[in-house]
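Survey of secondary and tertiary structure
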Amino acid sequence: MGDTLNMSVSQIFQQNGRKFAFVSFTDGRRMAEGKIPDCKIISNKGFTEEEALQLEEYMGMELMRLKNMAASVRVMDAFLGKEKRGL
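Attention in this report is confined to the structure presented alongside it. Only a predicted model underlies this, so the values are computations on that prediction, with no experimental measurement involved.

Notes on the packing of aromatic side chains
Under the defined criterion, the tally for this structure stands at four aromatic pairs. A centroid spacing of 5.9 Å and a plane angle of 25° characterise the contact between phenylalanine 13 and phenylalanine 20, whose relative ring orientation is stacked. Assessed through its relative accessible area of 32%, phenylalanine 13 is described here as partly exposed. Taken together, a centroid distance of 5.5 Å and an interplanar angle of 80° make the contact between phenylalanine 20 and phenylalanine 22 edge-to-face. What makes phenylalanine 20 buried here is its relative accessible area of 11%. By relative accessible area, phenylalanine 22 is classed as partly exposed at 22%. Each member of the aromatic cluster is reached from another via a ring pair, and the members are Phe13, Phe20 and Phe22. Over the face of the ring belonging to phenylalanine 20 we find lysine 35, whose NZ or CZ atom lies 4.4 Å from the ring centre.

Looking at the nonpolar core
Membership of the largest hydrophobic core comes to 15 residues, with the highest contact counts inside it found for Val23, Phe25, Ile36, Ile41, Leu55, Met59 and Leu66. At the level of elements, strand S3 (18-26), strand S4 (31-36), helix H1 (49-61) and helix H2 (63-72) are the ones that each hand at least two residues to this core.

Section: the environment of arginine 29
Position of arginine 29 relative to the elements: it lies in the loop between S3 and S4. Taking the C-alpha atoms as reference points, arginine 29 and glycine 46, separated by 17 residues in sequence, lie 7.5 Å from one another.

Focus on H1
Between its terminal C-alpha atoms H1 stretches 19 Å, which fits the 18 Å expected from 13 residues at 1.5 Å a residue. Residues of H1 that are buried: Glu51, Ala52, Leu55, Glu56 and Met59. With its buried residues spanning 145° around the axis, H1 presents them on a single face. The exposed residues of H1 that point more than 90 degrees off its buried face are Glu50, Glu57 and Met61. Buried residues along H1 sit in contact with S3, S4, strand S5 (40-45) and H2.

Here's the deal with the pattern of salt bridges
On inspection of all chains with the given rule, the structure shows five salt bridges. For aspartate 27, the salt bridge goes to arginine 29, with nearest N and O atoms at 3.5 Å. Judged by its relative accessible area of 15%, aspartate 27 falls in the buried class. Classification of arginine 29 as exposed rests on a relative accessible area of 67%. Here the salt bridges share partners, and the residues they tie into one network are Asp27, Arg29, Arg30 and Glu51.

Procedures and definitions
Residues numbered from 1 in each chain as written. Predicted model: local features only at pLDDT ≥ 70, side-chain atom pairs only at ≥ 80, totals over all residues. Heavy atoms only, no water. Phe/Tyr/Trp six-rings, centres within 6.5 Å; stacked < 30°, edge-to-face > 60°. Buried < 20%, exposed > 50% of the residue type's maximum accessible area, 1.4 Å probe, protein only. Lys NZ or Arg CZ within 6 Å of the ring centre and 35° of its normal. Core = buried A, V, L, I, M, F, W, Y, C linked by side-chain atoms within 4.5 Å. Helix = DSSP H or I, 4+ residues; strand = E, 2+ residues; numbered from the N terminus. Expected span 1.5 Å × (residues − 1). Arc of directions from axis to C-beta. Contact = heavy atoms within 4.5 Å. Salt bridge = Lys/Arg side-chain N within 4 Å of Asp/Glu carboxyl O.

So, in structure tokens, the structure goes:
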């Protein structure tokens, strides 16, 4: 993969009683989006198939941490420019 890979996690969404979140990966040239808890890449622009599989493996290994990150996303706070206060 590229030199610096940035990751972001969305808020939690719910559809048909099932909760999920999106995890985005980018290195400035390429972008992939995955979905948790499925840990599957659902959109890929530029990553090889092997790299996409590595991203899926990463999501699986870090699933609990990614779920916690998604649970901590406060969309309105971000929209209003409020700082997140840590633990």
